[in-house]
Amino acid sequence: MLTPSQVPLPPASGAWREGDPPGRRQWYERERPLPLEAGGELPRPRLAFETWGRLAPDRSNAVLVLHALTGDSHVAGPAEPGHPTPGWWDELIGPGRALDTDRWFVVAPNVLGGCQGSTGPASPGPSGRHWGGGFPYLTQRDQVAAEADLADALGIDRWALVVGGSMGGMRALEWAVSHPERTDALLLLATSAAASAEQIAWANIQLHAIRSDPHWLGGHYHHTGRAPHDGLGLARRLAHVTYRSEPELQVRFGRSSQGAEDPWSGGRYQVESYLDHHAAKLVRRFDAGSYVVLSEAMNSHDIGRGRGGTAAALSRVTARTLVAGVDSDRLYPPSQQAELAAGIGTADAPRVIESPYGHDGFLIEAEQVAALVRELLHGP
Ligand SMILES: CC(=O)SCCNC(=O)CCNC(=O)[C@H](O)C(C)(C)COP(=O)(O)OP(=O)(O)OC[C@H]1O[C@@H](n2cnc3c(N)ncnc32)[C@H](O)[C@@H]1OP(=O)(O)O
Ligand SMILES: N[C@@H](CCO)C(=O)O
């Protein structure tokens, strides 16, 4: 068995961050430019990634976990310097857990265009300054092409399982369609075959919020010492409402005031304070330029583009597949997962994650997700 640090990587790879446990957090840099679907190329793109467990000598036990819009490669593990919260699916990965690290080698990259170690608008561009607004337009297919490069570098010919939710589910689906021979099993959560008009519409308002911020400067703000925090915070407030359900917000907050604040004289309702909190939290950990690039990439998601339509594209999937949606998800409603399950010949009937939390249910209901992972890997 190879430990992650023994996985042979090309010379361009190295320690992700000084002080990190050796081998667990790394980055991989492609030496050649990555050709992009929309035209042009990205020189020397870098993907940050984390791993758990050990790659088996026959390299048959690798699992790819793909994060959602503001997620990152820290899927499991405790809070640590630079990452003040535990992994976002911590309950899923570790000895004895659904992705049992005594058996599986789990790999989680930070998406291309992101801001937690992978190349994105905040990274240095060809001139040596930040890419900023000059960062090229990316699609999900470009992001998966970069992930396929990483898999090649790790010597992983095929994934025993590819799993992702929301934006991560889009990339998981793209993996299974563009690389069916490399994807043995597939778990798609709270995602769709193509970004819908309403999903694009919500993203549009968020993009306008960021671009309307006077500190946006066409995306060229990274060197100014100021960032479009108001715009990004506004985008997060709006997005967060779409990520949760109306009954949850009503039961949780109702019309209550925040502490001693009086909404009739400049104070806030509790739900307003809650949104302020999530906005402030995202602004502290996320780059507005990445938010724009990733939102546009999500808008570009259309699995049937150039492939003869959705049905023809989905028919390419050969992986054992489970598709699941959250019953209270108003952003990626269960009808979209039903479409996926109906179109993928190797998919079982769509599953339902029962949750009052809306779209975020795929992150919060980790036990239900773990049951789906177990079923895919070990049978019902
Ligand atoms: C560096 C990092 O942090 S990396 C984080 C990685 N992030 C991701 O992977 C993105 C995906 N994650 C998410 O989107 C979110 O974190 C989720 C979906 C997991 C959060 O879901 P939940 O656990 O249901 O959190 P919930 O929506 O209840 O919010 C809880 C927070 O709101 C705060 N809050 C609750 N009510 C109020 C209120 N009235 N006023 C102000 N704040 C409030 C809580 O104190 C808590 O704060 P904390 O998160 O700072 O501890
Ligand atoms: N709340 C999650 C879900 C988005 O699909 C995130 O911020 O990534």
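In this report, the structure presented in the accompanying data block is examined. (Residues numbered from 1 in each chain as written. Chains lettered and ligands numbered in written order. Predicted model: local features only at pLDDT ≥ 70, side-chain atom pairs only at ≥ 80, totals over all residues. Heavy atoms only, no water.)

**Quick word on the site of ligand 2**
Condition: One heavy atom suffices: a residue is near a molecule or strand as soon as one of its heavy atoms comes within 4 Å of it. Think of a polar contact as two N or O atoms within 3.5 Å of one another; within protein, one of them needs to be a possible hydrogen donor and the other a possible acceptor, and neighboring residues in sequence only count if both atoms come from side chains. Surface accessibility in these figures is a Shrake-Rupley result with a 1.4 Å probe; residues are shielded only by whichever protein chains are displayed. By the convention adopted, Pro, Cys, Tyr, Trp, Phe, Met, Ile, Leu, Val and Ala count as nonpolar, Lys, Arg, Asp and Glu as charged, and the other residues, Gly among them, as polar.
In the vicinity of ligand 2, the residues found are Ala 68, Leu 69, Thr 70, Gly 71, Ser 166, Arg 236, Tyr 243, His 359, Asp 360 and Leu 363. Take His 359: an N or O atom from its side chain is 3.0 Å from an oxygen atom of ligand 2. In isolation ligand 2 offers 260 Å² of accessible surface; the protein chains occlude 94% of this area. Grouping the constituent residues of the shell around ligand 2 by class yields four nonpolar, four polar and two charged.

**A look at the pairing of strand β7 (residues 105-109)**
A regular strand places its side chains on the two faces of the sheet in alternate fashion. Keep this limit in mind: Only protein chains enter the accessibility calculation, which uses a 1.4 Å probe; a residue is then buried when its area is under 20% of its type maximum, exposed when over 50%, and partly exposed in between. Here a strand is any run of E in DSSP of at least two residues, a helix any run of H or I of at least four, and the numbering for each starts at the N terminus. At least two bridges found by DSSP between two strands is the condition for calling them paired.
Along β7, five of the five residues are buried, which leaves the element largely enclosed by surrounding structure. Side chains Phe 105, Val 107 and Pro 109 project from β7 onto one buried face, and the interleaved Val 106 and Ala 108 project onto a second face that is buried too. Relative to β7, strand β5 (residues 46-52) runs antiparallel, the two sharing four bridges. Bridging across to β7, Thr 51 finds its partner in Val 107. As paired strands, strand β6 (residues 62-66) and β7 are joined by three bridges and run parallel to one another. Opposite Ala 62, over in β7, you have Phe 105 as the bridge partner.

**Structural notes on the site of ligand 1**
Not every one of the 23 residues close to ligand 1 is listed here, only the nearest: Arg 252, Ser 273, Tyr 274, His 277 and Lys 281. Here an oxygen atom of ligand 1 sits 2.6 Å away from a polar atom, N or O, in the side chain of Lys 281. Across the complex, the protein chains shield 69% of the 1100 Å² of accessible surface that ligand 1 would expose by itself. Among the secondary structure elements, those contributing two or more residues to the shell around ligand 1 are α4 (229-243), α5 (246-253), α6 (270-285) and α10 (361-364). Looking at which element gives the most residues to the shell around ligand 1, the answer is α6, with seven residues.

It is worth stressing that arrangement in space is one thing and function is another; only the former is reported here.
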